[in-house]
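Listed below, chain by chain, are the residues.
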Amino acid sequence: MRMLDVKNLSVRYGTLDVVKDVSFSVEEGEWLMIAGPNGAGKSTVVSAVAQSVEHTGTVLFCGKDVTRYKPQELARHIGVLSQNHAVNYAFMVKEVVGLGRYAYSRGIFSGKSDADEQAVVDALTLTGLEELADKSVLKLSGGELQRVFLAQIFAQDPNLLILDEPTNHLDLVYQKQVFSLIEEWRRKPGRAVISVVHDLSLALAYGSKALLMDKGRAAALGPVSEVLTAERLQEVYEMDVKEWMQGLLKQWEAL
């Protein structure tokens, strides 16, 4: 089933075309990796899909224009995790994760249902945050805070995850954990993932499909193995990416 259709997406800031006529689709079960050098328009693409920036073009979820969904309804289908989070209040971890259930609220004065409570517990367990559930988010490290907001998205239980550098502030252990968690989440029916990534190794390891961006345009789109080739990467990054990565690997082989 085709879950998302993006057609002729363009974003302009003043006279600057940041994204130019980008089109792609995401099928159920797919993990689309959006890659490219800094300034290529990767984050702007996902922000436009998430309706966070003004754009032209069309974004369809399950064949329906996303602008025709009510915000609460859309939140039941699409979850968004950005790179940075501003936290100014001493909420407990479990309270922040619980905010992911707002899409299912029956009214401003309604309490949490058993399903809401269970979704929060499951999300805390999945992300390994059970022991931090009653801790203030103001006392967390950057990596811990990123996991809290990932748990919030899991509690939201959408069909499509949109992730902008989901492991940007995480050390290697949690990078592996988070991508493995997302992979496990994706495998259930009716789900798909879009991720902006800088680490091409993660894109190759976990992605099923890739969109390679260059100067605001789509340089290539298709299966990861066909998009992230040595030739295409050298053209976009203006360096021999494959040679560089293989050189780094040799350092590990020498240990």
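Refer to the structure above for everything that follows.
Everything numeric here is computed off the predicted structure, so don't read it as measured data. (Residues numbered from 1 in each chain as written. Predicted model: local features only at pLDDT ≥ 70, side-chain atom pairs only at ≥ 80, totals over all residues. Heavy atoms only, no water.)

**Remarks on the overall build of the protein chain**
Using the following cut-off: Numbered from the N terminus, helices here are DSSP runs of H or I no shorter than four residues, and strands are runs of E no shorter than two. Here the globule rule reads 2.2 Å times residues to the power 0.38, and the radius of gyration is calculated from C-alpha atoms. A simple rule labels every residue: compare its accessible area, found with a 1.4 Å probe on the protein chains alone, to the largest value its type can have, and call it buried under 20%, exposed over 50%, or partly exposed in between. In this description, accessible areas are obtained by the Shrake-Rupley approach with a 1.4 Å probe, and a residue is regarded as covered only by the protein chains that are shown. Within this scheme the basic residues Lys and Arg register as positive and the acidic residues Asp and Glu register as negative, but His and the chain ends are omitted. Working definition for charges: the position is that of NZ of Lys, CZ of Arg, CG of Asp or CD of Glu.
When helices and strands are counted, the protein chain shows 10 helices and 10 strands. For the protein chain, whose C-alpha radius of gyration is 19 Å, the value lies close to the compact-globule estimate of 18 Å for 255 residues. If you line up the protein chain on its principal axes, its C-alpha atoms span 55 × 50 × 35 Å. Out of the 255 residues belonging to the protein chain, those deemed buried represent 45%. Roughly 13500 Å² of accessible area belongs to the protein chain as shown, and the carbon and sulfur atoms make up 51% of that amount. Computed over 27 positive and 33 negative side-chain charges, the inter-centroid distance for the protein chain is 4 Å.

**A few points about the side chain of K209**
Condition: N or O atoms closer than or at 3.5 Å make up a polar contact, with two conditions inside protein: a donor-capable atom paired with an acceptor-capable one, and, for residues adjacent in sequence, both atoms drawn from side chains. The criterion used for residue contact is that any of the two residues' heavy atoms lie within 4.5 Å.
Note that K209 resides in strand β9 (residues 209-214). A polar contact is formed between the side chain of K209 and the backbone oxygen of S25, at a distance of 2.7 Å. In this structure K209 touches S25, E30, W31, L32, M33, L221, G222, P223 and V224, once residues within four positions along its chain are discounted.

**Details of the environment of E95**
Note on placement: E95 falls in helix α3 (residues 93-98). Relative accessible area serves as the criterion here: at 38%, E95 is assigned to the partly exposed category. Once the C-alpha coordinates of E95 and Q152 are considered, the two residues, 57 residues apart in sequence, prove to be 9.3 Å apart. Side-chain polar atoms of E95 contact the backbone nitrogen of M92, separated by 2.8 Å.

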